[in-house]
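Single-letter residue listing:
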Amino acid sequence: MNKKVILSGIQATGNLTLGNYLGAINNWKKMQEDYDCNYMIADLHTLTIRNNPDTLRNNTLDLLALYIAAGIDPEKSNIFIQSHVAAHAELAWILNCYTYMGELSRMTQFKDKSAKHADNINSGLFTYPVLMAADILLYQADLVPVGEDQKQHVELTRNIAERFNKIYGDTFKIPEPYIQGVAARVMGLQDPTSKMSKSSTIPNDSIFLNDEPDIILKKFKKAITDSENIVRFDKEKKPGISNLISIYSAITGEGKENIEKKFDGKGYGEFKVAVAECVIEELKPMQNKYKELKDNPDYLEKIYRRGAERAKEIAIKTLKDVYEKVGLVW
Ligand code: ATP
Ligand code: LTN
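Read on for an overview of the structure. (Residues numbered from 1 in each chain as written. Chains lettered and ligands numbered in written order. Predicted model: local features only at pLDDT ≥ 70, side-chain atom pairs only at ≥ 80, totals over all residues. Heavy atoms only, no water.)

## Concerning the pairing of strand β1 (residues 5–11)
In terms of burial, β1 is a largely internal element, six of the seven residues being buried. Examined bridge by bridge, β1 and strand β2 (residues 36–42) share seven bridges and lie parallel to one another. The partner of Gly-9 across the bridge, within β2, is Met-40. Of the crossover connections in this fold, the one passing from β1 over helix α1 (residues 18–31) to the parallel β2 is right-handed. (Buried < 20%, exposed > 50% of the residue type's maximum accessible area, 1.4 Å probe, protein only. Helix = DSSP H or I, 4+ residues; strand = E, 2+ residues; numbered from the N terminus. Pairing = 2+ DSSP bridges. Right-handed = clockwise from strand over helix to strand, strands pointing away.)

Laid out in structure tokens, this is it:
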């Protein structure tokens, strides 16, 4: 029986956070046995903000090392760099012509990012979700494992694909977002009302995957909570402590009620240390493996070259079909 196809990616914008790990990579790892997995490093998407070229190159390889260190096995999953497969940019152009300005204006990420980078609201930022749709549709993906914040983009992808299929007949598989786990939206430690993000400028708001244990402990100790001092899950009234409970639950596998019982009468100080300790333990093997891989650029190059070849084979089939359907001479 044919396995279902997965495609997902992360932008190469620097240090990954605990949010990226719990919301995305950790789920990717679990899917490798049962699905045909394609995991991409979204370097083209990164160009929507201004990057230093050397930093971007470095971040791209860093992200590749991190995928592997986190347990994405290149023998089981196809790992590749988005810009190595020209079909992504080619299909994105075509899909742009089947996407409406009104749809793109409603995208929450566009609104957030244009507020953040008011001096650089470029058209790439606006059409960012169309490139993402091309990423997904080229591989005829069934499922797209992402964090909660990307659900809207996958829904737009479905709309574009359905619109295209309606005009030209079956061309694209209609993908589903696959959002899993208690930590599908990890919130900032200093601002628990917005998501933990790589590009957050608030000090101590994000846990980075390469943070040293003492830094992780310090950040959790400083996490904003409330004055009740009772470990109880209540997202509305107690967003800070609820976020910490979700993180602890995602890592240990313990249910929320169990955690509330376990820390009954213990206060926030003790709970924060327990959360920090489980995060430190979870990240340790990945941090060690990552350091080894970074010292082995030849191995990394072998993986991304092979990944690009495999990805091209699949992507070109879909692109050719689309070119023929819209009337381009192939
Ligand atoms: P940036 O700050 O550069 O916008 P980001 O931290 O939001 O980046 P992305 O590259 O946009 O990260 O996201 C990569 C993946 O991680 C996506 O699947 C996204 O849904 C997931 N993700 C990002 N932040 C979180 C979070 N706080 N909680 C859960 N999942 C998250
Ligand atoms: N926009 C995504 C990254 C991304 C992606 C994709 C995710 C680019 N292309 C295709 C899933 C499928 C983000 O996480 N910010």
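## Here we look at the nonpolar core
Grouped together as the largest cluster of nonpolar side chains are 61 residues, with contacts concentrated most on Leu-18, Ile-25, Tyr-67, Phe-220, Ile-247, Phe-271 and Val-279. Looking at this core, the element that brings in the most residues is helix α12 (residues 267–294), giving 12 residues. Filtering out sequence-adjacent residues up to four positions away, Ile-25 remains in contact with Ile-10, Leu-16, Asn-20, Tyr-67, Ala-70 and Ile-72. Residues Met-107, Leu-125, Phe-126 and Ala-133 belong to the second largest nonpolar core, which totals 40 residues. (Core = buried A, V, L, I, M, F, W, Y, C linked by side-chain atoms within 4.5 Å. Contact = heavy atoms within 4.5 Å.)

## Observations concerning the site of ligand 1
Residues in contact with ligand 1 amount to 21 residues; listed here are only the nearest, Lys-113, Asp-149, Lys-195, Ser-197 and Ser-199. Gly-19 is positioned such that a nitrogen or oxygen atom in its backbone is 3.2 Å from a nitrogen atom of ligand 1. Val-186 is positioned with one of its backbone polar atoms (N or O) 2.7 Å from a nitrogen atom of ligand 1. Burial of ligand 1 by the surrounding chains reaches 97%, relative to a free accessible area of 600 Å². Looking at the shell around ligand 1, the elements with two or more residues in it are β1 and α1. No other element matches the four residues that α1 contributes to the shell around ligand 1. (Near = heavy atom within 4 Å. Polar contact = N/O pair within 3.5 Å; in protein donor to acceptor, adjacent residues only side chain to side chain. Areas by Shrake-Rupley, 256 points an atom, 1.4 Å probe, with all protein chains shown as cover.)

## What about the packing of helix α6 (residues 108–116) against helix α7 (residues 123–138)?
Where α6 contacts α7, the axes come no closer than 9 Å and their chain directions differ by 160 degrees. One finds that α6 runs roughly antiparallel with respect to α7. With respect to the hand of their crossing, α6 and α7 are arranged in right-handed fashion. Across from Gln-109, Phe-110, Lys-113 and Ser-114 in α6, the residues of α7 making contact are Leu-125, Phe-126 and Tyr-128. (Axes fitted to C-alpha atoms, helices over the stretch in contact; angles between N-to-C directions. Parallel < 35°, antiparallel > 145°, perpendicular 65-115°, else oblique. Left-handed = near helix turned anticlockwise from the far one by under 90°.)

## Remarks on the packing of aromatic side chains
What the rule picks out here adds up to 12 aromatic pairs. Their ring planes at 55 degrees and their centres at 5.1 Å tell us that Phe-164 and Phe-172 sit as a pair that is tilted. Phe-172 carries the same exposure label as Phe-164, and that label is buried. The ring of Phe-233 has Lys-256 lying over it, and the distance from NZ or CZ to the ring centre is 4.1 Å. (Phe/Tyr/Trp six-rings, centres within 6.5 Å; stacked < 30°, edge-to-face > 60°. Lys NZ or Arg CZ within 6 Å of the ring centre and 35° of its normal.)

## Describing the site of ligand 2
Near ligand 2 there are 14 residues, and of these His-45, Tyr-128, Met-132, Asp-135 and Gln-150 occur at the shortest range. Tyr-128 places a polar side-chain atom, nitrogen or oxygen, 2.7 Å from a nitrogen atom of ligand 2. When ligand 2 is considered free in solution it has 360 Å² of accessible area, and contact with the protein chains removes 92% of it. Looking at the shell around ligand 2, the elements with two or more residues in it are β1, β2 and α7. When the residues that make up the shell around ligand 2 are grouped by side-chain class, the tally is eight nonpolar, five polar and one charged. (Nonpolar A, V, L, I, M, F, W, Y, C, P; charged D, E, K, R; others polar.)

## Some words on the side chain of Gln-11
Here Gln-11 shows up in strand β1. Looking at Gln-11, its side chain comes within polar contact range of the side chain of Tyr-128, at 3.0 Å. Gln-11 has contacts with Ala-42, His-45, Thr-46, Leu-63, Lys-113, Tyr-128 and Lys-198, leaving out every residue within four places of it along the chain.

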